[in-house]
Amino acid sequence: IFHMLKSLHEKTGLDNICITGGVAQNSVVNGKIIENTPFKNIYIPSAGHDAGTCIGSALYLYNQLLDKDRLAEMKTAYFGKKATKEEIISCLDKQGVSYTIFSDEQLFEKVANKLFNGGVIGWFQGRAEFGPRALGNRSILVDPRRTDAKDLLNEKIKRRESFRPFAPSILKEAVKDYFVQNDAVPFMEKVFDIKKEKQNEIPAVTHVDGTGRLQTVDKTTSPRYHKLISKFAEKSGVPILLNTSFNENEPIVNKPEEALDCFLRTKMDMLVMENIIIER
């Protein structure tokens with residue numbers, strides 16, 4: 001891949017590269033491209049694999065056939081369904097599940113406390129992500145400082161192979177403090193080296209080779225997720241959460257009914273749907 005990219009740079013003389021296709025899901029390679037090729041900037045969309053062809057075909061029509069100006073790059077992956085408060089409450093009432101509605105300030109405080117005290121949180125917010133990664137709208141969240149987090153998640157929910165790592169969501173402004181490389185990674189599409197002195201601080205998201213497949217969380221794009229991580233950082237000193245997809249062994253949850261079903265059949269400690277909290 002590096003050989004092909006170097007040849008491409010020689011041919012074009014351009015500093016920017018956009019990569020799509022199934023190969024764009026190789027986050028290990030993606031994280032090494034800037035260091036190993038002459039390119040200075042890289043863009044990989046949230047759904048660079050086959051699912052993204054729907055956007056590609058729409059843009060082909062828009063740019064090539066209708067001759068419209070090109071759009072700016074997509075900085076968000078939140079294109080899916082958003083559940084209303086009424087839909088969430090209706091779903092909970094049908095199942096006879098008790099819940100509490102909180103203000104934003106109360107909610108972030110309560111969820112951050114639960115994370116700080118070892119809780120496993122189902123976090124269901126806003127529009128669902130488009131692409132293969134959970135990016136803080138359909139996520140299961142855990143304190144990344146826990147040495148037992150992987151075992152805890154696999155016992156309570158995931159039941160997946162021990163070698164598969166869990167990912168860190170980090171405040172965009174804190175990347176330089178924890179990672180060797182410093183770049184925006186909005187779609188969890190790159191693996192970077194975690195600084196040696198920080199690896200013991202965040203063992204739950206540090207892979208065996210000292211790397212992490214990070215997601216950088218931007219205040220403008222993901223205000224609620226950014227606020228939650230910031231609130232957790234106030235308590236823990238760590239601006240990172242372990243983020244894994246909100247599912248057990250089925251597709252990522254999309255509707256409130258699916259989120260509740262996953263919560264009820266696993267050992268998750270808390271389910272947060274918009275400003276509504278369900279606890280065991």
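Along each chain, numbering runs from 1 in the same order as the chain's sequence is written. This being a predicted model, a pLDDT of at least 70 is required before a residue's local features are given, and a value of 80 or more before pairs of side-chain atoms are given or counted; all residues contribute to the totals for chains, interfaces and linings. With hydrogens and water stripped out, all remaining heavy atoms of the structure feed into the side-chain values.

Draft legend 1. Up close: the packing of helix H6 (residues 104-116) against helix H10 (residues 223-236). The axes are straight lines fitted to the C-alpha atoms, using for helices just the contacting stretch, and the angles between their N-to-C directions are given from 0 to 180°. Where helices and strands are cited, they refer to DSSP runs of H or I of at least four residues and of E of at least two residues respectively, numbered from the N terminus. Orientation of H6 relative to H10, taken along the N-to-C sense of each, is 55 degrees, at an axis distance of 9 Å. Looking at the two axes, H6 sits oblique to H10. When the axes of H6 and H10 are compared, the crossing they make is right-handed. Facing H6, whose interface residues are Asp104, Glu105, Leu107, Phe108, Glu109, Val111, Ala112, Asn113, Leu115 and Phe116, H10 presents Arg224, Lys227, Leu228, Lys231, Phe232, Lys235 and Ser236. Taken together, the residues of the contact of H6 with H10 sort by class into eight nonpolar, two polar and seven charged. Small angles under 35 degrees read as roughly parallel and large ones over 145 as roughly antiparallel, with 65 to 115 read as roughly perpendicular and the rest as oblique. Take the far helix as the reference: if the near one is turned anticlockwise from it by less than a right angle, the crossing is left-handed, and if turned clockwise, right-handed. Only heavy atoms enter the contact rule, under which two residues are in contact if any of them lie within 4.5 Å. Residue polarity is assigned by list, with Asp, Glu, Lys and Arg as charged and Ala, Val, Leu, Ile, Met, Phe, Trp, Tyr, Cys and Pro as nonpolar; anything else, Gly included, falls into the polar class.

Draft legend 2. Summary view of the packing of aromatic side chains. Aromatic contacts are taken between Phe, Tyr and Trp rings whose centres are within 6.5 Å, Trp giving its six-membered ring; a plane angle under 30 degrees counts as stacked, one over 60 as edge-to-face, and the others as tilted. According to the stated counting rule, one finds one aromatic pair in the structure shown. With centroids separated by 6.4 Å and ring planes inclined at 50 degrees, the aromatic side chains of phenylalanine 108 and tryptophan 123 adopt a geometry described as tilted. Note that phenylalanine 108 is positioned in helix H6 and tryptophan 123 in strand E5 (residues 121-124), a separation of 15 residues in sequence. Cation placement over rings: the criterion is NZ of Lys or CZ of Arg within 6 Å of the ring centroid and within 35° of the ring normal. Taking the ring centre of tyrosine 178 as reference, the NZ or CZ of lysine 198 above it sits at 4.5 Å. In this structure, arginine 280 is placed above the aromatic ring of phenylalanine 263, and the distance from its NZ or CZ to the ring centre is 4.2 Å.

Draft legend 3. Layout of the packing of helix H5 (residues 85-95) against helix H11 (residues 256-265). Between H5 and H11, whose axes approach to 9 Å, the crossing angle comes to 45 degrees. As judged from the angle between their axes, H5 and H11 are oblique. Where H5 crosses over H11, the two elements pack in a sense that is right-handed. Residues Ile88, Cys91, Leu92 and Gln95 of H5 form the contact with H11, whose own contacting residues are Pro256, Glu257 and Leu260. Residues belonging to the contact of H5 with H11 are distributed by class as follows: five nonpolar, one polar and one charged.

Everything listed here is a matter of geometry and, on its own, says nothing about what the molecule does.
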